[in-house]
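Residue-level listing of the chains:
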Amino acid sequence: MSLKVGLDFGTSNSGVAVYDGTRVRLLPVDPKNVLPEVIKTVLYITRDYRALIGQEAVEAYYRDHVGRRRHFVKQWAGEIDVYGADMHYVRDIFVYVDELKPGRLLQYLKTALRKESYQGTRIFERHFTPGDLAETYLALLKRRAEEVLGERIEAVTLGRPVKFSESPEQDRRAEETLLAAAHEAGFKQVDFELEPIAAALDYEQTVAAPQNVVIFDFGGGTLDIAVMRLGDPRRREVFASGGVDIAGSDFDRAIIEKRMLAHFGHGQAGQHPQVREMIHAIPDWMALPELGTPINRNALEKAIQAGVAPVRLKALESLIYNDLAFTFYNRVEAAKIALSSEGATVISLEDKDIALWELYARHQFEADIHHYLLAVEKVLLDTLTASGLDPAEIDAVVKTGGSSSIPLFTSMLARIFGAEKVKASSQFSSVAAGLAIRART
Amino acid sequence: MTFSDKIEEWIKEVEARPESALTLMRLIANRLRDLSERDEQLLAENIALQNGTRVEEYQKRIAHLEYQLDLLKRHVGAEGLTLPDLPAEAERAVSASLLVYNGQGRIFRVEAATDGAAKLGRIAGSLSTDHEPPRLLALPSNEEALLFFSSGRVGTLSVGDLPLVETGNAWEWDQAALPDEPRPGETLVCVIPFSRLPVSEYFVQVSRRGCVKKTMTSLAQSILGNRYLGKGTLGKSDQPFELALCGRGGRLAFVTCEGRLLGLDVDGLSYTAEERIRLSATDFVIAAFTPRPEDALIFITQNGKVLHREGQALEPAKSPSARGQALIPANRLEQGIRFIGAAALRDGERIAALDASGAINVYDAGAVTGSGTLGTGGLILSIGVVPSQSGTPGGA
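Residues take numbers from 1 onward in each chain, read along the sequence in its written order. Starting at A for chains and at 1 for ligands, labels are handed out in the order in which the entities are written. Local features in this predicted model are restricted to residues whose pLDDT is 70 or higher, and side-chain atom pairs enter the listing and the counts only when it is 80 or higher, whereas totals over whole chains, interfaces and linings include all residues.

## Details of the pairing of strand β12 (residues 240-246) of chain B
Residue and element names in this part refer to chain B. Residue burial here comes from a neighbour count, namely the number of other C-beta atoms, placed from the backbone, that lie within 10 Å of the residue's own C-beta, with 20 or more meaning buried, 12 or fewer meaning exposed, and in between meaning partly exposed. To qualify as a helix, a DSSP run of H or I must reach at least 4 residues; to qualify as a strand, a run of E must reach at least 2; elements of each kind are numbered from the N terminus. Where burial is concerned, most of β12 is hidden: seven out of the seven residues are buried. Two strands qualify as a pair provided DSSP detects at least 2 bridges between them. Note that strand β10 (residues 202-207) and β12 share six bridges and pair antiparallel. Within β12, the residue paired with Tyr202 across the bridge is Cys246.

Right, here's the structure in full:
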């Protein structure tokens, strides 16, 4: 019988686990990471199409990009047909390409699967669809897991959110893309399990008697909720499941929009629409790295020369042209994580021409994401209603995923169900562990 | 949001969670300390700029560098030369070594005779690995060499560290040095001298199917640190073939098996791999080098015939995908004539050739170009150029 593993392809972090019938083993697929059993869902593709994942990808990105040179060349990108009242002509379109760019770092590969508007990206000479990116990542992760286990892996149970998208059509397409990517990555047999149900299976290992449980899986890309009866493997029952695409990346975006944009000239670039557009693109992790063109630099330099917020626009220039985007997003995410345990933290970024320092308190963070709290509470209560159970009938609320440790949401769960019922599962590995259990059954 | 608003928010945090007050105070105190240190640094810098000491400091540094450059020029007897023309090291009386290496990373090092024609030795046993004959490279014994592998990996080696094999003997590959064993699925593509790295501007890579890519040598520290340069190929069926160092304004020449010669201006090359010659399905690159204008070019066929051209004959191709100049007429190709090597030659240099019997002989270049043949009678597999002293080496 071929080996089958559970693979959690998460928005921010991924993991692989195997279950031998008695014990779940989380595989140390990223030895360079602080937690080797957790691997960052980042992919770095070099100019020679060498692909790296996890901490290795992050290190390669920093090594290749710090203090690098740029050289832009005009490249033909295609042509457009222009129609007028009595004429038609074809116009060539050119783009400026940095031919010294050593590689591209890609994050949020899973989010790319569910975004209808995202058709993929061009990496040097090749176009990569979201499926190609997922396939590249999964193939490398599979290889690492095989190296750890010393044998070939041919079958996998993959986790998937309850809803990739609110649109059923897009949800189906995202699952099909992920399925095809997993097959292309070398898995001959692929099946799916909902991520909150996988987390429930992991929790069930610790349960002595049957219980009604709410699984609150709040990760980097989506919130998934399942209301289940657990404790007797023969009589498991899913009463209801629900989800919404609100999660960690949305909170990072809220922090950037509300607290960071002012450091880059937001509200001060009135007469410079091109500069304004650049500032508004900062929260978009897909758009920011693409802004580094000579035309944009020219616009920034002109505004700086004209005395429009010169220090802040210089900081924006540094953010874009010194390849600091990834560091910047990491700092924002790190601040968000710190606020789960601290009352205040600092978001700082120091580099050439940039000296960002923002003291950020938990109270501010909670105010910035308050509208998400309302949406999350609504989905939770809707799912609970659909299950036919009252909060009083719930025996335990199991929270998993990085965003589940944000105190605002823990308080909400405690308020609805009672603090004694809220239990924390392993933030990053419970889904992978549950998927491994599902793979075995 | 004004700063006062922010302070209000921090106060609200403390009202909601009094334990946060300590964290906020600590973070603000740290910031104050950093700002006061930076303020002092800026004041000191301002004073240095105002009283001119910073300017003096840079003037002194420039004067010191100019003095060092003058010393270097006098040392190598090249007062009139510009910086890129300077050799990397002062010339010393060093012997020339001939490296004979195969795709499996095995390298023989033999002392090249000082002058004239000579029989250096013979390789016993199988000559080819993966249908690739061994390659030859002559270079000074004190040279550093760069090993380039088919995966795009690079390694370095000091030529003097390779053990010498005895001249005139038969050598088995098992006895050859293996300084950097290729990894599984990888072959050693070529070895190049690289002491001129500091005065070179680009690495230039050429693939078997005529893809060319250049990389700035300013990235050398990162390339050598990561031990990775990249394959420089486009198609999966293509293979890396040659790597060369080149200065600004240099020329690249490459020659194909079916006798096509293409010249390219290095400054105009792309930093990404780009196909620069349209080859027939059966054709491939057999030599790539960076000639100087005063060099002569020689092209050698598989049966030892030698074609000689002046360096000026090499015209840089204008088209991004040229067919190259034909070295021989089509009917000679139909008769089965193919090229196995080409190189740029200077006065006093010699040609080393490996034939199908495994023998490696050195020929006087003047005699060879005069007679138009190496005169071995057998099939020639590889050639290399033996410099007159410790000049620029070459091979194909």
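Having put the structure on the table, let's press on.
## Quick look at the sheet that holds strand β15 (residues 274-275) of chain B
Residues and elements named next belong to chain B. Strand order in the open sheet formed by four strands is β12-β10-β11-β15, with antiparallel pairing between adjacent strands. With partners counted over all chains shown, the strands left at the sheet margins are β12 and β15, one partner each. As judged from the five bridges shared by β10 and strand β11 (residues 211-216), these two strands associate in the antiparallel manner. Within β11, the residue paired with Phe203 across the bridge is Thr215.

## Observations regarding the confidence of the model for chain B
Residue and element names in this part refer to chain B. The share of residues in chain B with pLDDT of 70 or more is 89%, and the mean pLDDT across the chain is 83. pLDDT runs from 0 to 100 and stands for how confident the predictor is about each residue. Confidence, read as mean pLDDT per element, is least for strand β24 (residues 394-395) in chain B (48) and greatest for strand β16 (residues 285-289) (93). Working definition of a contact: two residues with C-beta atoms, positioned from the backbone, lying within 7 Å. The low-confidence segment residues 390-396, where pLDDT is below 50, has 31 contacts with residues more than four positions distant or belonging to other chains. Interface scoring of the predicted complex returns ipTM 0.71; its pTM is 0.57.

## Describing the sheet that holds strand β18 (residues 306-310) of chain B
Residue and element names in this part refer to chain B. If you trace the three strands from one edge of the open sheet to the other, you get β18-β17-β20, paired in antiparallel fashion. Each edge of the sheet is formed by a strand with only one pairing partner; in this case those strands are β18 and β20 (339-345). When the angles between neighbouring strand axes are averaged without regard to direction, this sheet yields 20°. Relative to β18, strand β17 (residues 296-301) is paired through five bridges, and the arrangement is antiparallel. Pairing of Ala296 across the sheet is with Glu310, part of β18. To obtain each axis, a line is fitted to C-alpha atoms, and for helices this fit is confined to the stretch in contact; angles are then taken between N-to-C directions over 0 to 180 degrees.

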